[in-house]
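# Chain and residue survey
Single-letter residue listing:
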Amino acid sequence: MERALKAVPGVAEATVNLATERATIHPQTSEPNGGLITEALIAAVAKAGYQARDIRAQERERAAADQEARRQHDLSALRRAVWISAGLTLPLFLLEMGGHMVPAFHAFVMETIGFQGSRILQFALASAVLFGPGLRFFRHGLPALFRLAPDMNALVVLGTSAAWSYSTLSTFLPMLLPEGTDHLYFEAAAVIVTLILVGRLLEARARGRTSQAIRRLARLQAKTANVERDGVILSVPLAEVVVGDTLRIRPGDRVPVDGVVIDGQSFVDESMISGEPLPVEKAGGDRVLGGTVNTTGSFTFRATHVGEATLLAQIVALVEAAQGAKLPIQTLADRVVGWFVPAVIVVAALTFFAWLALAPAPALPFALVQAVSVLIIACPCAMGLATPTSIMVGTGRAAEFGVLFRKGESLQVLSSVSLIAFDKTGTLTEGRPRLTDLVTLGLAEADALRLAASVEQMSEHPIARAIVEAAQARGLALAKALRFAALPGLGAEAEVDGVMVTIGADRALAARGLDLSGFADQAQAMAAEGRTPIYLAVDGRLVALLAVSDPVRPEAKQAVAALRQAGLKLAMITGDNRVTADAIARRLGINHVVAEVLPSGKRDAVRALKAGGESVAFVGDGINDAPALSEADVGIAVGTGTDVAIESADVVLVAGNPLGIARALTISRATLANIRQNLFWAFAYNVVLIPVAAGLAYPAFGLLLSPVLAAGAMALSSIFVLANALRLRRIDLEART
């Protein structure tokens, strides 16, 4: 499939995921659709023997519903095929094997329908199985053979056709075969088809369960919304809600879209999106998310994001993208599967001729049976399913607890990181600092605070918000800030009331030649207690020292302990004051601290850790963390942070809870372990059983594998891989809450 799609003009890359039944196309240009014609892609898929359709034109919910409807239709068709095949195979099996095992039954058959009549009846039953329920193998297998790209269906076609053709020849033209070799294998051909159909039915049911997380997320979306239009509350379809609409939420309602509360108060259960079990209080100005459930109160809110822009839609899109990704570990499996089926056909041919040359007379039946066994026992399906099914279940389980893998490969890389580096503000701390101290020098406290807040009202930094909130709490009227300039990692400056105001860390003011010694003792004492000293200068003259305290998150110490217990080294990289950073690090139990660095310094610190041989994950939430998030082997953004930080990250923690890092690590390690188990089973199964099917164990142990047993073993191999992947649904992430 990938080769066929890559051959279409304009395609730069094509990725096909067996488990999700989706292909992702990367065009060669950045133009809309990349100059690609959808019809050409669909035609290429059809030429490869399959069917495809474009799901971009569909709404996500309708596409998911269509896929589920097709899955149910396929399941019904498979179930019907299994019953028909089993119903035809059972009398065939009894007719052939019953005569061998029960002499009285053999005598009864000979007396009633006779020797030739029995053979003709077996021919009719086996033909009905092969060219009825088993026709699906021929529809896909024969075109694949003609294209010289044989697949699993081709192996089944070759094996069953060989058994059926030989038996048909034995039935109608036995004189063309060597004497004593006119055996029948009709029951083997029919049982093979039946067992493989049963296996595929069980496989399809198991594959349906691997995508349950996506379907659960999609079902969180409300179908209607109570919208205020012209002073009247109307229930309208979700698609008619637009940004700016005012919506009313009653107790028990599901929030339909993202927005901001404008009136009322309640507690909202966000566990289905964030994984956090306790309802969150919502009041005026708070953000609410589509898909969450209101509990007891009621409120109205203004819609800010609708449709594909809601957080829930973005979560579904991220999970789908991660589930469709190919991990580096899958490269080996893809390479093996590429030559596996042709190699099996060659082995089967060698088996046939080796038995024909070396086996005692009559050698032809032995040669046929063992060649068919080789064809049937081989199972590239297990190798193809080993990685994507584990990814689907693992990323789905992670999403249920608010851990989103934006890039599929980060699932693998995170499992092998050796060091996790944290930003401090908003990551290990609550990111909601408050002003604790204000010391002035030749300026009234109110004036100093007013000037500081007038500048900081233009900034997104949590410390800036703390200063603005303190000024507002005192009822100070803020002035307009002109020529505002953010100093990333340092502070900010602007013109306020005709004077130039600079506010920030000691480095910001020292770089402008200011003498900070007048506040040295106070700043040292503040920092030693975990408070962050902030300096204020007016027209180049130091006028005030402010201190801001940002409480450590209650879960931070537990998260740090869990990560250390998992064998990881820990570091803190922050732009904050060295003394303050050391105090917070001591409280949490982090040994390595890099402090007083700019955003580029955070990136350089991550680069230095990597140069020291560490595989580094960096956790941050702000604009100044984006360079470090991009530089790290894995960037982890807390979802309460800025869009820039989230876009720079590989993993997103929706709730912003640092315990989510431990959850992400747990699911990553468990998924990779599961993939390795699946790949080992898939490879070991073929490495061990193909030689047995070929008869290599016969000289030493007298052991031969019949085609019927081979079919059963082949079906079980895929089911085993899927069942093993489904174990990931039971990973206990609650213990990390």
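You'll find the structure just up there.
All values reported here derive from a predicted model rather than from experimental measurement. Once a new chain begins, its residue numbering starts again from 1 and follows that chain's sequence as written. Local features in a predicted model are, by the rule used here, given only for residues with pLDDT of at least 70; side-chain atom pairs are given and counted only at 80 or more, and totals for whole chains, interfaces and linings are based on all residues. Each side-chain value is derived from all of the structure's non-hydrogen atoms; neither hydrogens nor water enter the calculation.

### As for the overall build of the protein
- A tally of regular secondary structure across the protein gives 27 helices and 23 strands.
- Type-normalised accessible area, obtained with a 1.4 Å probe on protein chains alone, sets the label of each residue: buried when under 20%, exposed when over 50%, and partly exposed for intermediate values. In the protein, which comprises 737 residues, the share counted as buried stands at 52%.
- Contacts in the protein between residues at least 24 apart in sequence constitute 68% of all its contacts with a sequence separation of at least 6.
- Only carbon and sulfur atoms are counted for the fraction: they give 60% of the accessible area of the protein, which is about 32,100 Å². Working definition: helices are DSSP H or I runs of at least four residues, strands are E runs of at least two. Numbering for both runs from the N terminus. Whether two residues are in contact is decided by their heavy atoms, any of which lying within 4.5 Å being enough. Using the Shrake-Rupley algorithm and a 1.4 Å probe, accessible areas are obtained, with residue cover drawn only from the displayed protein chains.

### Section: the pairing of strand β10 (residues 298–305)
- In terms of strand pairing, strand β5 (residues 246–249) meets β10 through four bridges, oriented antiparallel. Bridged to Ile 249 within β10 is Phe 299.
- As defined by bridge partners, strand β6 (residues 258–269) adjoins β10 across seven bridges and the pair is classed as antiparallel. Paired with Gly 259 across the bridge in β10 is Ala 303. When DSSP finds at least two bridges between two strands, those strands are taken to pair.

### Description of empty space enclosed by the protein
- Computed over the protein atoms alone on a 1 Å grid, cavities are sets of points where a 1.4 Å probe fits but cannot get out and pockets are open sets with protein on both sides within 12 Å along at least five of seven lines; a residue lines them when it has an atom within 4 Å of a point. Grid points are joined across faces, edges and corners, and a volume is the space filled by probe spheres set on the points. Applying the stated criterion across every chain, the model contains four cavities of 30 Å³ or more.
- Estimates place the volume of the largest cavity at around 70 Å³.
- Forming the walls of the largest cavity are 10 residues, and the residues nearest its centre are Ile 196, Arg 200, Glu 203, Met 714 and Ser 718.
- Contributions of two or more residues to the lining of the largest cavity are made by α8 (186–210) and α27 (707–726).
- The element contributing the most residues to the lining of the largest cavity is α8, with four residues.
- Residue polarity follows a fixed list, in which Ala, Val, Leu, Ile, Met, Phe, Trp, Tyr, Cys and Pro are nonpolar, Asp, Glu, Lys and Arg are charged, and the others, Gly among them, are polar. Partitioned by chemical class, the residues of the lining of the largest cavity number six nonpolar, two polar and two charged.
- In this structure, the second largest cavity occupies an estimated 50 Å³ of space.
- Lining of the second largest cavity is provided by Lys 424, Thr 425, Ile 463, Gly 530, Thr 532, Val 548, Ser 549, Asp 550, Thr 580 and Ile 584.
- Elements represented by at least two residues in the lining of the second largest cavity include exactly β18 (541–549) and α21 (578–588).

### Details of the sheet that holds strand β17 (residues 532–538)
- Across the sheet, six strands lie side by side as β13-β18-β17-β16-β15-β14; this open sheet has antiparallel pairing. Lying at the two open borders of the sheet, with one neighbouring strand each, are β13 (434–440) and β14 (481–487). Between one strand and the next, the sheet's axes are offset by a mean angle of 20°, whatever the strand orientation.
- Inspection of the sheet shows β14 paired to strand β15 (residues 491–496) by five bridges, in the antiparallel sense. Bridging across to β15, Ala 485 finds its partner in Glu 493.
- Inter-axis angles, ranging from 0 to 180 degrees, are taken between N-to-C directions of lines fitted to C-alpha atoms, where helices are fitted over the stretch in contact. Each of β13, β17 and β18 is contacted by helix α19 (residues 520–528), which is oriented at about 15° to β18, the strand it contacts most.

### Notes on the pattern of salt bridges
- Every case where a carboxyl oxygen of Asp or Glu lies within 4 Å of a side-chain nitrogen of Lys or Arg is listed as a salt bridge. Scanning the model with the defined rule gives 19 salt bridges in all.
- The shortest N-O distance in the salt bridge between Arg 450 and Asp 497 comes to 2.8 Å. Here Arg 450, found in helix α16 (residues 445–456), pairs with Asp 497, found in the loop between β15 and β16 (499–504); they are 47 residues apart in sequence, far enough to count as distant.
- According to the relative accessible area criterion, Arg 450 is partly exposed, its value standing at 24%.
- Relative accessible area serves as the criterion here: at 51%, Asp 497 is assigned to the exposed category.
- Note that Glu 614 is salt-bridged to Lys 569, the shortest N-O span being 2.6 Å. Separated by 45 residues along the polypeptide, Glu 614 in the loop between α22 (599–611) and β21 (616–620) and Lys 569 in strand β19 (residues 569–573) bring together distant segments of the chain.
- Residue class for Glu 614 comes out buried when judged on its relative accessible area of 16%.
- Linked through salt bridges whose partners overlap, the residues forming this network are Arg 603, Asp 604, Arg 607, Lys 610 and Glu 631.

### Things to note about the environment of Ile 573
- By secondary structure assignment, the location of Ile 573 is in strand β19.
- Ile 573 sits 149 residues away from Lys 424 along the chain, and the two C-alpha atoms are 7.1 Å apart.
- Setting aside residues no more than four positions away along its own chain, Ile 573 makes contact with Ala 421, Phe 422, Asp 423, Lys 424, Val 594, Val 597, Lys 602, Ala 605, Val 606, Leu 609 and Phe 618.

### Examining the side chain of Ser 615
- Along the chain, Ser 615 falls in the loop between α22 and β21.
- The class for Ser 615 is buried, based on a relative accessible area of 19%.

### Let's talk about the packing of aromatic side chains
- Each aromatic pair joins two rings of Phe, Tyr and Trp (for Trp, the six-membered one) with centres within 6.5 Å, and gets the label stacked for planes under 30 degrees apart, edge-to-face for over 60, and tilted for any other angle. Per the stated rule, a full pass over the model turns up 11 aromatic pairs.
- When the centroid spacing of 5.4 Å and the interplanar angle of 85° are considered together, the rings of Phe 352 and Phe 353 count as edge-to-face.
- The class of Phe 352 is partly exposed, set by a relative accessible area of 22%.
- Accessibility expressed as a relative area gives 54% for Phe 353, which makes it exposed.
- Here Trp 681 and Tyr 685 contribute two aromatic rings whose centre-to-centre distance is 6.2 Å and whose plane-to-plane angle is 35°, an arrangement assigned as tilted. With Trp 681 and Tyr 685 both in helix α25 (residues 659–694) and four residues apart, this pair spans about one turn of that helix.
- Relative accessible area serves as the criterion here: at 5%, Tyr 685 is assigned to the buried category.
- Within the aromatic cluster, the residues linked to one another by ring pairs are Phe 123, Phe 131, Phe 138, Trp 164, Phe 172 and Phe 186.

### What to know about the pairing of strand β4 (residues 232–237)
- With six bridges joining them, strand β3 (residues 224–229) and β4 adopt antiparallel strand pairing. If you follow Ala 225 over to β4, its bridge partner there is Val 236.
- With antiparallel pairing between neighbouring strands as the criterion, β3 and β4 make up a hairpin whose turn holds two residues, including Asp 230 at a positive phi of roughly 55°.

### Observations concerning helix α17 (residues 462–473)
- Each residue after the first adds 1.5 Å to the expected span of a helix. Taking 1.5 Å per residue as the helical rise, α17 with its 12 residues ought to reach 16 Å, and the 16 Å between its terminal C-alpha atoms agrees with that figure.
- When α17 is considered as a whole, its buried residues turn out to be Pro 462, Ile 463, Ala 464, Ala 466, Ile 467, Val 468, Ala 470 and Ala 471.
- Considering only its buried residues, α17 is in contact with β13, α16, β16, β17 and β18.
- One or two steps after α17, the chain reaches Gly 475, where phi turns positive at roughly 75°.

### Quick look at the sheet that holds strand β22 (residues 634–638)
- Spatial strand order, β11-β23-β22-β21-β12-β19-β20: seven strands in an open sheet with mixed pairing. With partners counted over all chains shown, the strands left at the sheet margins are β11 (403–405) and β20 (592–594), one partner each. Across this sheet, the average inter-strand angle for adjacent strands is 20°, counted without regard to direction.
- Bridging between β22 and strand β23 (residues 651–653) involves three bridges; their strand directions are parallel. The residue of β23 that forms the bridge with Val 638 is Leu 653.
- Here α22 sits on the sheet in contact with β12 (419–422), β19, β20 and β21, set at roughly 155° to β21.

These figures capture arrangement, not role.
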